[in-house]
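Next come the chains, spelled out residue by residue.
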Amino acid sequence: MKVRICTPAAWGVPTLMLALAGCSGSGDDTVIDVPEDTEPAVLDDTAPFPEDTSVSTLDEEPDHTVTLIEQGTWSLSPLGGPYTSLVGTLTLIEYIDGPPDPQDTAPPPCQVEVALTGTPSVDGNCPSCSFTFEVLHQVVSGDLTQCHDPDRPFDGAVRRLGYNPSTGKIQWQQASLWFDWYTANQVGDQVTFSYTTTLGVTVEEDN
């Protein structure tokens, strides 16, 4: 490939004249050889990416599981509402690696009874709930430290809970958001509720 550059014969010619003359041939033409670029614009790298060997296997199933069961009742008053008082109970049970053998009569490490008392919520009422309470949780029996559920209510905890009849859920307010928590059903002035799930867990083996 060649590039042609025009040079004026006399540098005294006015600049405007040179601009108009352009490459008219009034001066000597200088030809410069420019080597052609034969390198491809894109390099094709066919080398594969190295395989990540940091993890040899992935465990799809945990070695141990914990089954979490929470169930309870609310008793509301006065009868027929609007409700100004709530009393109830909550039972927490956990089973490691499934329910125990029927022959094993020993209670599981996590079996806790909690008494519930509630007063109507003044602030932050659940927008879709028929009633909202500030519910105090007080442990009656059992050891909560033996339970694995990270969301278990501790002794003395107060939670803002509301019953949503359209979804059949007890909702729990955390910060400014409401989350479905328990599956629930209201019959008259009684609400029954429950929650069950199974999670992977690490179990410390006895030495």
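This text gives an overview of the structure that appears in the document. (Residues numbered from 1 in each chain as written. Predicted model: local features only at pLDDT ≥ 70, side-chain atom pairs only at ≥ 80, totals over all residues. Heavy atoms only, no water.)

1. Remarks on the sheet that holds strand β9 (residues 177-187)
For clarity, the threshold we go by: At least two DSSP bridges between two strands are required for those strands to pair. What counts as a helix is a DSSP run of H or I of at least four residues, what counts as a strand is a run of E of at least two, and both are numbered from the N terminus. Orientation is described by lines fitted to C-alpha atoms, with helices fitted over the stretch in contact, and by angles between N-to-C directions that extend from 0 to 180 degrees.
Reading around the circumference, β3-β4-β5-β6-β7-β8-β9-β10 is the order of the eight strands in this closed barrel, with antiparallel pairing throughout. Adjacent strand axes in the sheet meet at a mean angle of 30° when their direction is disregarded. Examined bridge by bridge, strand β3 (residues 65-77) and strand β4 (residues 85-96) share 12 bridges and lie antiparallel to one another. When the bridges of β4 are listed, V66 appears paired with I96.

2. What to know about the state of the cysteines
We count it as follows: Cysteine sulfur atoms are paired as a disulfide whenever they come within 2.5 Å of each other.
Within the structure shown, the criterion is met by two disulfides. Here C110 connects covalently by a disulfide to C147, the sulfurs 2.0 Å from one another. Between C110 and C147, the S-S torsion sits near 90°, and that sign places the bridge as right-handed. Placement of the pair is C110 in the loop between β4 and β5 (111-120) and C147 in the loop between β6 (131-141) and β7 (158-164), with a sequence separation of 37 residues.

3. Things to note about the environment of Y83
Our working rule: Residues are treated as being in contact if the distance between any of their heavy atoms lies within 4.5 Å. N or O atoms within 3.5 Å of each other form a polar contact, as long as, within protein, one can give a hydrogen and the other can take it, and as long as residues adjacent in sequence are counted only when both atoms are side-chain atoms.
Note on placement: Y83 falls in the loop between β3 and β4. The sequence separation of Y83 and S130 amounts to 47 residues, and the corresponding C-alpha distance is 9.8 Å. If sequence neighbours within four positions are ignored, Y83 has contacts with L76, S77, P78, P120, F131, F133, Q186, G188 and D189. Here the side chain of Y83 touches Q186 through a polar contact of 3.5 Å, side chain to side chain. Of the polar contacts made by the side chain of Y83, one reaches the side chain of D189; its length is 2.6 Å.

4. Thoughts on the nonpolar core
For soluble globular proteins, nonpolar side chains are generally found buried alongside one another. Just so we agree on the cut-off: Nonpolar cores are built from buried Ala, Val, Leu, Ile, Met, Phe, Trp, Tyr and Cys residues. Side-chain atoms within 4.5 Å join them into one set. Only protein chains enter the accessibility calculation, which uses a 1.4 Å probe. A residue is then buried if its area is under 20% of the maximum for its type, exposed if over 50%, and partly exposed in between.
Counting 24 residues, the largest nonpolar core has W74, L76, L116, F131, I170, V191 and F193 as the members making the most contacts within it. Counting only elements with at least two residues in this core, the list comes to β3, β4, β5, β6, β7, β8 (169-174), β9 and β10 (190-200). With sequence-adjacent residues up to four places away left out, I170 is seen in contact with W74, L161, G162, Y163, F179, D180, W181, Y182, A184, V191 and F193.

5. Side note on the packing of aromatic side chains
This is how it is decided: Here a pair means two rings of Phe, Tyr or Trp (six-membered ring of Trp) with centres within 6.5 Å. Their orientation is stacked below 30 degrees between planes, edge-to-face above 60, and tilted elsewhere. The criterion is that NZ of a Lys, or CZ of an Arg, lies within 6 Å of the ring centre and within 35 degrees of the ring normal, and then a charge sits over that ring.
One pass over the full model with this rule turns up seven aromatic pairs. When the centroid spacing of 6.0 Å and the interplanar angle of 70° are considered together, the rings of F131 and F133 count as edge-to-face. For the cation-ring pair, R159 lies above W172, with the distance from its terminal atom to the ring centre recorded as 3.8 Å.

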